[in-house]
Amino acid sequence: MKTASFLCLAALGVASTSEAATHFEIKNRRIEPRQTLAGALHDAALPDEQVTAVIAALEGVFDFRKSRVGDQFRLVMKNGELDFFDYRQSTVDEWQVRRDGEKYVGSKRSIEVEKQVSLVSLEINSSLYEATLAAGEDPSIGLVLSDVFAWDIDFYRDVRKGDRAKALVEKFVSKGRVLRYGEVLAATYEGGLVGNKRVFRYVLPNGEANFFQEDGASAKKTFLKSPLKYAHITSSFGSRFHPVLQYVKNHNGVDYGTPIGTPVWAVADGTVVSAGNAGAAGNMVVLRHANGMETQYMHLSRFGDGVRSGQRVRQKQVIAYSGNTGRSTGPHLHFGLKRNGAYANPLTQKFPRADPLPKELTADFLAKAHDMAQQLDAVSVAAVAGKAGPPPAAAK
């Protein structure tokens, strides 16, 4: 990294020959591989005693174990001594050390972050990912939407060209830049295959938030459509020519091609029957669910935190990460489903929805859903009218 430097006079007017000019030098650096912050400061030619002073000033303010390759820092030197130091990991994670007399004081810089509620509109011509880029949104909004519609839409198998999605979503913004998305408050999906879906977020009296349809019916089902947010099916349920064993045998599940390390969800609430190596199945987790249901997750690279036999897990909890262990020809997840001890095709099952809203909450929900629906529909009205400009601001 190049060093920027400049020279300025200590005072206005004419200085006497006995007065020395004040020299400022700015050094911009990054943390390199296998480099600690202290090491990076030494490599930037900061004197040893000032390195010690910076590290001491940041103790209790910055966790040095979280220093990462690529982190940026700046040194402002005044007449060869450190006057100011700042360290940046992101637009909202910055630390600084300032000179205060004869000592240095460290602090975390306060960054103003604003929460906004915005409307996001997507038209899918190839994939949800491409649609987010075309709309000028961060691709992570696709993951947020796949989470919201996880009970009804498999975003690899069910998406068709011309499908449309809209979401009323929280955005956390700093200096005009979207840092991350927050909660989806309402969303619609108009699909050629799955039809029209519309859901609204509602916080129950116990503080738990769930999604419901416009009439108060739960958007949640007892089982998710897929154990992964995104993946493509490489082998379906039924007879097939086994790529390793080289003969035709039953394939008691569905294979999803996905990179090693992809988070794997529990498709329903349940209890861990086993979590360990299972020979040809590689690392495997087996879950037992209500009503005689069992699910199997095979060829995993590793297990989720604390996943072990007897543990209770919740729907959408990450129980493992996909891999390529056991009898496998490439990175993928094998997902199996049993009903009363017999294997069943996971892709053809029909599962009931969870309980609807309690009757005493229906009126409050309907009123709030009506307000959010108006904000969602305002985009369509504006588009039909051919009006340009940003979508209407949502109430905070």
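In short, a report on the structure. Bear in mind that the values here come from a model prediction, so they are computed numbers and not experimental data.

## Quick notes on the packing of aromatic side chains
Phase 1 of the analysis: Applying the stated rule across the entire model yields 13 aromatic pairs.
Phase 2 of the analysis: The interplanar angle of 90 degrees and the centroid separation of 5.5 Å between the aromatic rings of Tyr202 and Phe365 together place this pair among those described as edge-to-face. Remark: Phe365 occurs in helix 5 (residues 359-385) and Tyr202 occurs in strand 10 (residues 195-203); sequence separation between them is 163 residues.
Phase 3 of the analysis: For Tyr202, a relative accessible area of 5% puts it in the buried group.
Phase 4 of the analysis: Members of the aromatic cluster, each reached through a chain of ring pairs, are Phe62, Phe64, Phe73, Phe85, Tyr87 and Trp95.
Phase 5 of the analysis: Over the face of the ring belonging to Trp265 we find Lys316, whose NZ or CZ atom lies 5.8 Å from the ring centre.

## Brief notes about empty space enclosed by the protein
Phase 1 of the analysis: In this structure the tally under the stated criterion is one cavity of 30 Å³ or more.
Phase 2 of the analysis: In this structure, the largest cavity spans a volume of roughly 50 Å³.
Phase 3 of the analysis: In terms of lining residues, the largest cavity is bounded by Ser146, Ala150, Ile153, Asp154, Phe155, Ser226, Leu228, Lys229 and Trp265.
Phase 4 of the analysis: Taken together, the residues of the lining of the largest cavity sort by class into five nonpolar, two polar and two charged.

## A short note on the nonpolar core
Phase 1 of the analysis: Judged by nonpolar contacts, the single largest core of 26 residues is most densely connected at Phe223, Val264, Val285, Leu287, Tyr297, Leu300 and Ile319.
Phase 2 of the analysis: Among the secondary structure elements, those contributing two or more residues to this core are strand 15 (254-257), strand 16 (263-265), strand 18 (283-288), strand 19 (293-303), strand 21 (318-322) and strand 22 (332-339).
Phase 3 of the analysis: Setting aside anything within four residues of it in sequence, one finds Ile319 in contact with Val264, Trp265, Ala266, Val285, Leu287, Tyr297, Phe303, Gly304, Val307 and Val313.
Phase 4 of the analysis: Formed by 23 residues, the second largest nonpolar core is a distinct cluster that contains Ile141, Ile153, Ala165 and Val194.

## Observations concerning the environment of Gln349
Phase 1 of the analysis: Along the chain, Gln349 falls in the loop between strand 23 (342-344) and helix 5.
Phase 2 of the analysis: Each C-alpha atom of the pair Gln349 and Lys225 lies 9.0 Å from the other, and the pair is 124 residues apart in sequence.
Phase 3 of the analysis: With residues up to four places along the chain from it excluded, the contact list for Gln349 reads Leu337, Arg339 and Ala344.
Phase 4 of the analysis: Among the polar contacts made by the side chain of Gln349, one reaches the side chain of Arg339 at a distance of 2.7 Å.

## Let's talk about the pattern of salt bridges
Note on pairing: side chains with opposite charge can pair once their charged atoms come close.
Phase 1 of the analysis: Evaluation of the coordinates by the stated rule reveals 18 salt bridges.
Phase 2 of the analysis: The partner of Lys115 in a salt bridge is Glu170, with the nearest N and O atoms 3.6 Å apart. In this pair, Lys115 sits in strand 7 (residues 114-123) while Glu170 sits in strand 8 (residues 164-174), placing the two residues 55 residues apart along the sequence.
Phase 3 of the analysis: Owing to a relative accessible area of 12%, Glu170 belongs among the buried residues under this scheme.
Phase 4 of the analysis: In this structure, the salt-bridge partner of Asp269 is Arg314, at a minimum N-O distance of 3.5 Å. With a gap of 45 residues between them, Asp269 in the loop between strand 16 and strand 17 (270-277) and Arg314 in the loop between strand 20 (312-313) and strand 21 connect regions that are remote in the sequence.
Phase 5 of the analysis: Relative accessible area serves as the criterion here: at 27%, Asp269 is assigned to the partly exposed category.
Phase 6 of the analysis: What emerges from the salt-bridge pattern is a single network uniting Arg88, Glu94 and Arg109.

## Description of unusual backbone geometry
Phase 1 of the analysis: You will see that Arg34, though not glycine, has its phi angle at about 60 degrees, which is positive.
Phase 2 of the analysis: Structurally, the position occupied by Arg34 is in the loop between strand 2 (23-30) and helix 1 (37-43).
Phase 3 of the analysis: Using a relative accessible area of 84% as the deciding quantity, one classes Arg34 as exposed.
Phase 4 of the analysis: Its identity is not glycine, yet Ala45 carries a phi of approximately 70 degrees, on the positive side.
Phase 5 of the analysis: Here Ala45 is to be found in the loop between helix 1 and helix 2 (48-58).
Phase 6 of the analysis: According to the relative accessible area criterion, Ala45 is exposed, its value standing at 55%.

Rules used in this analysis
- Every chain is numbered on its own, with residues counted from 1 as its sequence reads.
- Local features are withheld for residues below a pLDDT of 70 in this predicted model, meaning they are given only at 70 or higher, and side-chain atom pairs are given and counted only at 80 or more; totals for whole chains, interfaces and linings count all residues.
- No hydrogens and no water enter the side-chain calculation; it runs on all heavy atoms of the structure.
- Between the rings of Phe, Tyr and Trp (Trp by its six-membered ring), a pair exists once the centres lie within 6.5 Å; its type follows the angle of the planes, with under 30 degrees stacked, over 60 edge-to-face, and the other angles tilted.
- In this text, helices come from DSSP runs of H or I with a minimum length of four residues, and strands from runs of E with a minimum of two, each type numbered from the N-terminal end.
- We call a residue buried when its accessible area falls under 20% of the maximum for its residue type, exposed when it is over 50%, and partly exposed in between, using a 1.4 Å probe and counting protein chains only.
- Whether a charge sits over a ring comes down to the Lys NZ or Arg CZ being within 6 Å of the ring centre and within 35 degrees of the ring normal.
- Only protein atoms enter the 1 Å grid used here, on which a cavity is any set of points holding a 1.4 Å probe that cannot leave and a pocket is any open set flanked by protein within 12 Å on both sides along at least five of seven lines; residues with an atom within 4 Å of a point are listed as lining.
- Grid points are joined across faces, edges and corners, and a volume is the space filled by probe spheres set on the points.
- When residues are sorted by character, Ala, Val, Leu, Ile, Met, Phe, Trp, Tyr, Cys and Pro go into the nonpolar class, Asp, Glu, Lys and Arg into the charged class, and all the rest, Gly among them, into the polar class.
- Among buried residues, the Ala, Val, Leu, Ile, Met, Phe, Trp, Tyr and Cys ones that are joined through side-chain atoms within 4.5 Å form a nonpolar core.
- A contact between two residues is defined here by any heavy atoms of the two lying within 4.5 Å.
- In the analysis that follows, any N or O atom pair within 3.5 Å is treated as a polar contact, provided that within protein one partner can donate a hydrogen and the other can accept it, and provided that, for residues neighboring in sequence, both atoms belong to side chains.
- In what follows, salt bridge is the name for a side-chain nitrogen of Lys or Arg lying within 4 Å of a carboxyl oxygen of Asp or Glu.

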